[in-house]
Amino acid sequence: MLNVKNLSEKSNQLIKDLVDLKLKENSNIQTIQPADKTKESSYSQALKELGSNRGRPLFYPYLSCGRANGPFVELMDGSVKLDLINAIGVYLLGHNSKELLKAGVEAGLEDVVMQGNLQISQSYYKLANKLKNIASKNSRLEHVWISPSGAMANENALKICRQKKSPAKKIIALTAAFAGRTTFMAEITDNSAYKQGLPAYGEVLRIPFVSSYSILQCKNNPKLLKQESERALSELKKHINDNPNDIAAFMFELVQGEGGFKIATRDFWIPILEFCKENKIPVWVDEIQTFLRTGEFFAFEKLNLGKYIDICTIAKSVQVGATFYTKEMNPKPGLIAGTFASSSAALSAGYATLNYLEKEKCLGDSGKIEFINKEITKELELLSKGSCKGLISEIGGMGLMIAMTPLDGSKEKVLALLKTLYKNGLIAFSCGHGPYRLRFLCPVILTKQHIKLAISILEKSLIEVNNNF
Ligand SMILES: Cc1ncc(COP(=O)(O)O)c(C=O)c1O
């Protein structure tokens, strides 16, 4: 790979010193803290202003000040929170990661802030190279197109599939799917609350997904999994039969993020994906939430499904969006573009993130991701059998995506729990809507000590909410 050094030794030393200084200045942030009383009124005024500017208040009264250390983030009121949702999975390396600070400062010294698809700089070139190498290792994916967000990566995938299968327009998706916030991605998304008042274009067909929340649950109930796979396959066959030459793709998540962290084993997918192949339906996996989180780079690697994938989308933890496609799916010139490819800082940070995961042994059965998953799951299981018996169930997920059903899984109780957790110092979020579930998108830098703290806040908050209802 071509590598042109654009900064002098002196600049590099200054960057190193600056990053080290910032880390040193933030190193006193070691645990959660309540707000500073003297800042409360100006903070609440700032939140009011922001709410008014946006037309509605923030979900959490969260305004970070830029000081942080790993999973701990300091807000503008001086409080410190333990962050296990990370802007819904963006801060994979935590806050103030040394690697990302360095990448960001270096990118800040590039000649441009945003890179376009017409004029591309070194950081785009390096990231694209790395992404392509990672993706083609265990799949037929050969090309990658970078874009600024997950929804844009999905829109590009949609256009590629439709062009390939032209004039077909319909997409087959799963129940409880989430695909993003553009008009068509809202149509794919199976949640009426996210598309109130929007017209339905009738271009999405649905097949049912599984009922399980963990791989273990699937493995323990192979009979149910087989039934569920057959049910999904029979719906798929029906759609393909009823819509001749009008199916552009089958699109799915391997762990449903917004959908409640639903998950299936390889056995569920094989008959469905085989049938798509037989019928020349492009297979499009949305890995926007799963990428870099499951213990392998891609969830399709974790489930050994690479050979079936024609198109794959990623975003979030890699800081940019991207669409991968096979040689056969490569679109005609002119179909995908856009002024912005992404910012120099995001491109450099994405590249640094991929290098970090390899260098710091995060992947594989003995990697950090697996360790964090096992540790949190073990602690949650203990909680569910001990002081929080009856207050949490259906613990599951994969890698750094961990969720559970708290209390009775009702919207009002889960909402109350989220706000109580926040008040007590832990940031998490919900997923699913029947039941509503509590989810963590953990950073990969968590230690046993951080996990113990998170579990103790969860325990206190569950008991508090349960007593208040
Ligand atoms: C599975 C999935 N697809 C698509 C998206 C949309 O990505 P973005 O919010 O970057 O547009 C998300 C975001 O939550 C997602 O989880």
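Residues numbered from 1 in each chain as written. Predicted model: local features only at pLDDT ≥ 70, side-chain atom pairs only at ≥ 80, totals over all residues.

1. Side note on the overall build of the chain
- If you tally the helices and strands in the chain, you get 15 helices and 17 strands.
- Taken along the three principal axes of its C-alpha coordinates, the chain extends 65 × 60 × 45 Å.
- Burial status across the chain gives 47% buried among its 469 residues.
- Considering only contacts within the chain whose residues lie at least 6 apart along the sequence, 77% involve residues at least 24 apart. (Helix = DSSP H or I, 4+ residues; strand = E, 2+ residues; numbered from the N terminus. Buried ≥ 20, exposed ≤ 12 C-beta atoms within 10 Å, placed from the backbone. Contact = placed C-beta atoms within 7 Å.)

2. Considerations on the environment of P443
- If you trace the backbone, P443 turns up in the loop between β17 (437-441) and α15 (448-468).
- For the pair P443 and A249, spaced 194 residues apart in sequence, the C-alpha separation works out to 32 Å.

3. Quick look at the domain arrangement of the chain
- The domains assigned to the chain are domain 1 (31-91 + 365-468) and domain 2 (108-359).
- Taking only C-alpha atoms into account, the centre of domain 1 sits 27 Å from that of domain 2.
- Listed by partner, the interface residues are 18 residues for domain 1 and 18 residues for domain 2.
- Secondary-structure elements contributing two or more residues to the side of domain 1 that touches domain 2 are α13 (368-385), β13 (392-398), β14 (401-406) and β17. (Domains from an automatic or database assignment.)

4. Some remarks on the site of the ligand
- The full set close to the ligand counts 15 residues, and G150, A151, G180, I288 and Q289 are the nearest of them.
- The element best represented in the shell around the ligand is helix α6 (residues 150-164), accounting for 3 residues.
- Its residues placed into classes, the shell around the ligand shows 6 nonpolar, 6 polar and 3 charged. (Near = placed C-beta within 6 Å. Nonpolar A, V, L, I, M, F, W, Y, C, P; charged D, E, K, R; others polar.)

5. So, helix α10 (residues 266-278)
- The terminal C-alpha atoms of α10 lie 18 Å apart, and with 13 residues this matches the ideal 18 Å at 1.5 Å per residue to within 8%.
- Of all the residues in α10, the buried ones are F268, W269, I272, L273 and C276. One side of α10 carries all its buried residues, which in axial view fall inside an arc of 95 degrees. Of the residues in α10, the exposed ones pointing more than 90 degrees away from the buried face are E274 and E278.
- Each element contacted by the buried residues of α10 is listed here: α9 (222-242), β8 (247-252) and β9 (283-286). (Expected span 1.5 Å × (residues − 1). Arc of directions from axis to C-beta.)

6. Observations regarding the packing of helix α5 (residues 122-137) against helix α12 (residues 344-359)
- The N-to-C vectors of α5 and α12 enclose an angle of 35 degrees; their axes lie 9 Å apart at closest approach. As for how α5 packs across α12, the hand of that crossing is left-handed. Packed against α5, whose contacting residues are S123, Y124, K126, L127, K130 and I134, the element α12 presents S344, L347, S348, G350, Y351 and L354 at the interface.
- A breakdown of the residues in the contact of α5 with α12 according to their chemical character gives 6 nonpolar, 4 polar and 2 charged. (Axes fitted to C-alpha atoms, helices over the stretch in contact; angles between N-to-C directions. Left-handed = near helix turned anticlockwise from the far one by under 90°.)

7. A word on the packing of helix α14 (residues 411-423) against α15
- The interhelical angle for the contact between α14 and α15, taken along N-to-C directions, is 135 degrees, at an axis separation of 9 Å. Overall, the two elements α14 and α15 adopt an arrangement that is oblique. Once α14 is placed against α15, the crossing between them reads as right-handed. For the pair α14 and α15, contact is made by K413, A416, L417, T420 and L421 and by I457, L458, S461, L462, E464 and V465, respectively.
- In the contact of α14 with α15, the residues fall into 7 nonpolar, 2 polar and 2 charged. (Parallel < 35°, antiparallel > 145°, perpendicular 65-115°, else oblique.)

8. A short note on the sheet that holds strand β5 (residues 143-147)
- The strand order across the open sheet built from 7 strands is β5-β11-β10-β9-β8-β6-β7, with neighbouring strands paired in mixed fashion. Each edge of the open sheet is held by one strand with a lone partner, namely β5 and β7 (204-207). Geometrically, the sheet is characterised by an average inter-axis angle of 20 degrees between neighbouring strands, direction not taken into account.
- Pairing of strand β6 (residues 170-174) with β7 involves 4 bridges; the strand directions are parallel. When the sheet's bridge partners are listed, A173 is paired in β7 with R206.
- Across the face of the sheet, α9 comes into contact with β6, β7 and β8 while running at roughly 155 degrees to β7. (Pairing = 2+ DSSP bridges.)

9. A word on the pairing of strand β2 (residues 72-75)
- Burial along β2 is two-sided: the residues F72 and E74 and V73 and L75 are all buried.
- Two elements, strand β1 (residues 64-69) and β2, share 3 bridges in a ladder whose sense is antiparallel. Opposite N69, over in β2, you have F72 as the bridge partner.
- Hairpin connection from β1 to β2: 2 residues lie between these consecutive antiparallel strands, with G70 at a positive phi of about 65 degrees.
- By the bridge criterion, 3 bridges tie β2 to strand β3 (residues 80-83) in an arrangement that is antiparallel. Bridged to F72 within β3 is L82.

10. Details of the sheet that holds β13
- If you walk across this open sheet you meet the 4 strands as β13-β14-β17-β16, and the pairing is antiparallel. The sheet terminates laterally at β13 and β16 (429-431), the two strands that pair on one side only. Strand after strand, the sheet turns through a mean of 30 degrees between neighbouring axes, direction not considered.
- In the sheet, β14 pairs with β17 via 4 bridges, with the strands oriented antiparallel. Of the residues in β17, the one forming a bridge with M404 is L438.
- Packed onto the sheet, α13 meets β13 and β14 and runs at close to 170 degrees relative to β13.
- Running at roughly 155 degrees to β16, α14 makes contact with β14, β16 and β17 of the sheet.

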